[in-house]
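Each chain, letter by letter, is given below.
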Amino acid sequence: MIFIVVSAPSEGNAVAHCVHEYKNLDNVHSGERSQEITFDFISAEAGIYRQAQTIPGHRYQIEAWGKHVRSQSPVELSLGVDLTGGGDCQAASVVWHPWDETGEDIWVHTQVTVRASGETLTVFLKGYHPFAVQGGATLFDDVRVEDRVEYGCETDHKWCRALVAGAVPLGSLSGWIF
């Protein structure tokens with residue numbers, strides 16, 4: 001399912017907005033495709049989301065790569081997490097995080113660590129184009145949710161802990177809701 005919030009287009013400019021798989025390898029971080037959202041001449045926020053199965057109490061590291069085409073109104077990227085597993089990007093249960101790295105026309109990375117409270121969490125990826133000007137096509141790729149379970153002893157000594165990680169790649173477009 002796509003979520004879109006659109007303001008009125010600039011006077012005299014047509015509105016262009018779409019979401020699709022991008023298969024041009026110049027705009028793919030890795031693999032064969034990425035997810036593109038275009039924002040030409042439109043002020044909007046739009047994105048995609050996907051749910052992941054979790055184990056309550058485990059810590060999960062969520063990471064993603066994003067890229068946006070240069071625009072007079074640079075796109076702002078965000079990663080949202082809903083620990084209740086909901087599908088509404090505007091729900092109070094969604095915690096939004098600004099992207100860690102910034103830049104135009106380059107792949108930038110972000111990472112967030114959360115502790116699961118239920119059996120499902122939802123990852124939201126969002127682009128926000130503040131002003132209705134040309135440019136701002138946005139791409140997302142290589143999304144991962146990784147279980148970062150920590151097993152400790154009765155004492156909480158650092159030397160007594162072992163990190164066990166099992167990665168669940170969400171980078172494939174299969175299963176993402178548009």
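Residues numbered from 1 in each chain as written. Predicted model: local features only at pLDDT ≥ 70, side-chain atom pairs only at ≥ 80, totals over all residues. Heavy atoms only, no water.

1. Thoughts on the overall build of the protein chain
Note the following rule: Put simply, DSSP H or I for four residues or longer makes a helix, DSSP E for two residues or longer makes a strand, and each gets a number counted from the N terminus. Categorising residues by exposure relies on relative accessible area from a 1.4 Å probe, with only protein chains included: less than 20% of the type maximum marks a residue as buried, more than 50% marks it as exposed, and the intermediate range marks it as partly exposed. Contacts are residue-level and defined by heavy atoms, with any inter-residue pair within 4.5 Å sufficient. We get accessible surface area from the Shrake-Rupley algorithm with a probe of 1.4 Å; when it comes to residues, only the shown protein chains can shield them.
Along the protein chain, the regular secondary structure elements total zero helices and eleven strands. Reading the protein chain from its N terminus to its C terminus gives the helix and strand order β-β-β-β-β-β-β-β-β-β-β. For the protein chain, the residues scored as buried account for 44% of the 178 residues in total. Within the protein chain, contacts between residues separated by at least 24 positions form 74% of all contacts whose residues are at least 6 apart in sequence. About 9200 Å² of surface is accessible on the protein chain, with carbon and sulfur atoms providing 51% of the total.

2. Considerations on the packing of aromatic side chains
Counted only if it meets this: Two aromatic rings, drawn from Phe, Tyr or Trp (for Trp, its six-membered ring), form a pair once their centres lie within 6.5 Å of each other, and the interplanar angle then sorts them: stacked below 30 degrees, edge-to-face above 60, tilted otherwise. Charge-over-ring contacts are defined here by two conditions on Lys NZ or Arg CZ: a distance within 6 Å of the ring centre and an angle within 35 degrees of the ring normal.
Applying the stated rule across the entire model yields three aromatic pairs. Each ring, one from Tyr49 and one from Phe124, has its centre 5.4 Å from the other, and the planes form 40 degrees; the classification is tilted. Of this pair, Tyr49 sits in strand 4 (residues 44-53) while Phe124 is found in strand 9 (residues 120-129), placing the two residues 75 residues apart along the sequence. Taking the relative accessible area as the measure of exposure, Tyr49 reaches 10% and is therefore buried. Taking 5.8 Å as the distance between ring centres and 45 degrees as the angle between the ring planes, the aromatic pair formed by Trp99 and Phe140 counts as tilted. One end of the pair, Trp99, is in the loop between strand 7 (94-98) and strand 8 (108-115); the other, Phe140, is in strand 10 (residues 138-151), and 41 residues separate them in sequence. By the burial criterion, Trp99 is buried, and Phe140 matches it. One aromatic cluster in this structure is built from Tyr49, Trp96 and Phe124. Its guanidinium or amino end placed over the ring of Trp96, Lys126 lies 4.1 Å from that ring's centre, counting from NZ or CZ.

3. Section: unusual backbone geometry
For Asp105, which is not glycine, the phi torsion reads 65 degrees and is therefore positive. Relative to the assigned elements, Asp105 resides in the loop between strand 7 and strand 8. In this structure Asp105 comes out as partly exposed when scored by relative accessible area, which is 36%.

4. Side note on the side chain of Asp142
The following threshold applies: Just so you know, the count uses Lys and Arg for positive and Asp and Glu for negative, and it drops His and the chain ends. Salt-bridge detection follows one rule: a side-chain nitrogen of Lys or Arg within 4 Å of a carboxyl oxygen of Asp or Glu. Side-chain atoms alone can form a polar contact between residues adjacent in sequence; in general such a contact is a pair of N or O atoms within 3.5 Å, and within protein one must be able to donate a hydrogen while the other accepts it.
With respect to the helices and strands, Asp142 occurs in strand 10. Lacking a salt bridge, the buried Asp142 has Arg144 as its closest oppositely charged neighbour, with an N-O distance of 7.5 Å. Side-chain polar atoms of Asp142 contact the side chain of His29, separated by 2.4 Å.

5. What about the pattern of salt bridges?
Side chains that differ in sign of charge can pair as their charged atoms come close. Counted by the stated rule, this structure contains four salt bridges. For Lys126, the salt bridge is made with Glu45, and the minimal N-O distance between the two is 3.5 Å. Taken together, the positions of Lys126 in strand 9 and Glu45 in strand 4 put the pair 81 residues apart, joining distant regions of the chain. Taken individually, Lys126 and Glu45 each receive the classification buried, so the pair is uniform in this respect. Residue Asp105 pairs with Arg70 through a salt bridge whose shortest N-O separation is 3.6 Å.

6. Quick notes on the side chain of Thr110
As for its position among the elements, Thr110 is in strand 8. Polar side-chain contacts of Thr110 include one of 3.1 Å to the backbone nitrogen of Asp100. For Thr110, the contacting residues outside a window of four places in its chain are Ile62, Glu63, Ala64, Leu79, Pro98, Trp99 and Asp100.

7. What to know about the confidence of the model for the protein chain
Caution applies to low-pLDDT parts of the model: their predicted coordinates are not meant to be read in detail. Rules: Values of pLDDT, the confidence the predictor places in each residue, fall between 0 and 100.
Per-residue confidence for the protein chain gives a mean pLDDT of 76, with 69% of residues at or over 70. Ranking the elements of the protein chain by mean pLDDT puts strand 11 (residues 162-169) last, at 40, and strand 7 first, at 97. For the stretch residues 1-17, pLDDT sits under 50, and the model shows 48 contacts to residues farther than four places along the chain or on other chains. Low pLDDT, under 50, characterises residues 152-168; the predicted model gives this stretch 30 contacts beyond four residues in sequence or across chains.

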